[in-house]
Amino acid sequence: MTTPALTWLYAPGDRPPVVAKALISGADVVVIDLEDAVAPDRKEYAREATAELLAEPQPVPVHVRVNALDGPLAAADLAALAALPGLSGLRLPKVTSPEQVARVAADTGGPPLYALLESALGVERAYRIAAAHPSLRGIALGEADLRADLGVRGDAGLDWSRARVVVAARAAGLAPPSQTVHPDTRDLEGLAASCAHGRALGFLGRAAIHPRQLPIIERAYLPTERELEEAETIVKAATAQPGALALPDGRFVDAAVVATAQRTLSLARRPALS
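Going along each chain's sequence as written, the residues are numbered from 1 onward. Reporting in this predicted model follows two pLDDT cut-offs: at least 70 for local features of residues, and 80 or more for side-chain atom pairs to be given and counted; totals over whole chains, interfaces and linings ignore these cut-offs and use all residues. Remark: hydrogens and water are excluded; side-chain values derive from all non-hydrogen atoms of the structure.

A separate point is the sheet that holds strand E5 (residues 113-117). Pairing between strands is defined by DSSP: at least two bridges between the two strands are required. In this text, helices come from DSSP runs of H or I with a minimum length of four residues, and strands from runs of E with a minimum of two, each type numbered from the N-terminal end. The seven strands lie next to each other as E6-E5-E4-E3-E2-E1-E7, forming an open sheet whose pairing is parallel. Edge strands, defined here as strands with exactly one partner in the open sheet, are strand E6 (136-141) and strand E7 (206-208). Going from strand to strand, the sheet's axes swing by 25° on average, the running direction of each strand aside. Direction of pairing for E5 relative to E6: parallel, over a ladder of five bridges. Bridge pairing links Tyr-114 to Gly-138 in E6. Between N-to-C directions, angles span 0 to 180 degrees; the directions come from axes that are lines fitted to C-alpha atoms, helices contributing only their stretch in contact.

Now the structure itself:
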């Protein structure tokens, strides 16, 4: 079982020094942003700088969030970047239909795609989008835009949409979605509490906009000592006696419980951030 990514660090594409720092930050994935983080008059430069960087393989997986698919810039972004050896994935903003995903997959020739659902329509079609094409490897929410679209003020107003995306990803056979960014880079206590809530909802890992957020995210999503002990007990018992069984403490263990325990142990094998 491969170790899943827990941290996804965004960096603006028009600021190569910031991207360079992100690549050595310890993030599991660096996401170069060509969309919201880049001013309109810097879009072309951001694309060119990103293409220059990704002409060579990178030390960590690098994804690129391209510009909105229904706008005038996305086609140029995709044409410039999709075939580069340093690219590990394309993040597609504001996806509202499975046809958008299928069209990008056909146009780009198959790099891994990740759909961001940032509107009521996108969330309503979450499963159809998640199952749109084999090249789609994940879905996630864009909560800032979604909050505005729904007119939601309190955080709890997004929980139904969050659960919907978690269920859609699972139903389509995708990895659990990562949480959206926590916009206040100095509110580390709030970030930790939000991560704990996201983990309880079924998310796995989180996007970040500053390196100081990475250890908080990782700590929140790594298993506790008690969780590790329980997982080890379950896997050991299942290895000794395949099939459904009951542990001495009365807990019932089946294939689903074993799979969860194995995922817990895979997370524990991650190298820790400094």
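Let us now look at helix H9 (residues 188-201). Because an α-helix packs 3.6 residues into every turn, residues spaced three or four apart end up facing the same way. Under the 1.5 Å per step criterion, the end-to-end length of H9 is 20 Å for 14 residues, consistent within 8% with the ideal 20 Å. Three labels apply to residues, based on accessible area from a 1.4 Å probe with only protein chains included: buried if under 20% of the type maximum, exposed if over 50%, partly exposed otherwise in between. Every buried residue belonging to H9 is among Gly-190, Leu-191, Ser-194, Cys-195 and Gly-198, and all of these are buried. One side of H9 carries all its buried residues, which in axial view fall inside an arc of 135°. Every exposed residue of H9 that faces more than 90 degrees away from the buried side is listed here: Glu-189 and Ala-200. Contacts from the buried residues of H9 go to E7 and helix H10 (214-221). Here a helix's expected span is defined as the number of its residues, less one, multiplied by 1.5 Å. Picture the helix axis, draw a direction to every C-beta atom, and the arc is the one those directions span. The contact criterion used throughout is that any non-hydrogen atoms of two residues lie within 4.5 Å.

This part is about the side chain of Thr-180. Topologically, Thr-180 is positioned in the loop between helix H8 (159-171) and H9. Here Thr-180 is in contact with Leu-141, Gly-142, Glu-143, Arg-206 and Ala-207, once residues within four sequence places are set aside.

Moving on: the UniProt feature "domain: HpcH/HpaI aldolase/citrate lyase" (unreviewed entry) in the protein. UniProt positions are given in the numbering used here, feature names are shortened, and annotations may be inferred rather than shown by experiment. In this numbering, the UniProt entry assigns the feature "domain: HpcH/HpaI aldolase/citrate lyase" (unreviewed entry) to residues 8-211. The distance from the first to the last C-alpha atom of residues 8-211 is 10 Å, and the span holds 41% helix and 16% strand.

Before going further, it helps to spend a moment on the pattern of salt bridges. By convention in these notes, a salt bridge is any Lys or Arg side-chain nitrogen within 4 Å of a carboxyl oxygen on Asp or Glu. In this structure the tally under the stated criterion is 16 salt bridges. Measuring nitrogen to oxygen at the nearest pair gives 2.8 Å for the salt bridge that ties Arg-47 to Asp-77. With Arg-47 in helix H2 (residues 43-54) and Asp-77 in helix H3 (residues 74-81), this pair connects stretches of sequence that are 30 residues apart. Side by side, Arg-47 and Asp-77 carry an identical accessibility label, which is buried. Note that Arg-147 is salt-bridged to Asp-155, the shortest N-O span being 3.6 Å. Asp-155 sits in the partly exposed class, given a relative accessible area of 39%. Each of Asp-33, Glu-35, Asp-36, Arg-65, Lys-94, Glu-118 and Asp-145 takes part in a single network of salt bridges with overlapping partners.

Here the focus is the packing of H9 against H10. Relative to each other, H9 and H10 sit at 35°, their axes nearing to 9 Å. The hand of the H9/H10 crossing is right-handed. Taken together, the residues of H10 that come into contact with H9 (itself represented by Leu-188, Leu-191, Ala-192, Cys-195, Gly-198 and Arg-199) are Ile-216, Ile-217, Ala-220 and Tyr-221. Tallied by class, the residues present in the contact of H9 with H10 amount to eight nonpolar, one polar and one charged. Crossing handedness follows the turn of the near helix against the far one: under a right angle anticlockwise gives a left-handed crossing, and clockwise gives a right-handed one. Residue polarity follows a fixed list, in which Ala, Val, Leu, Ile, Met, Phe, Trp, Tyr, Cys and Pro are nonpolar, Asp, Glu, Lys and Arg are charged, and the others, Gly among them, are polar.

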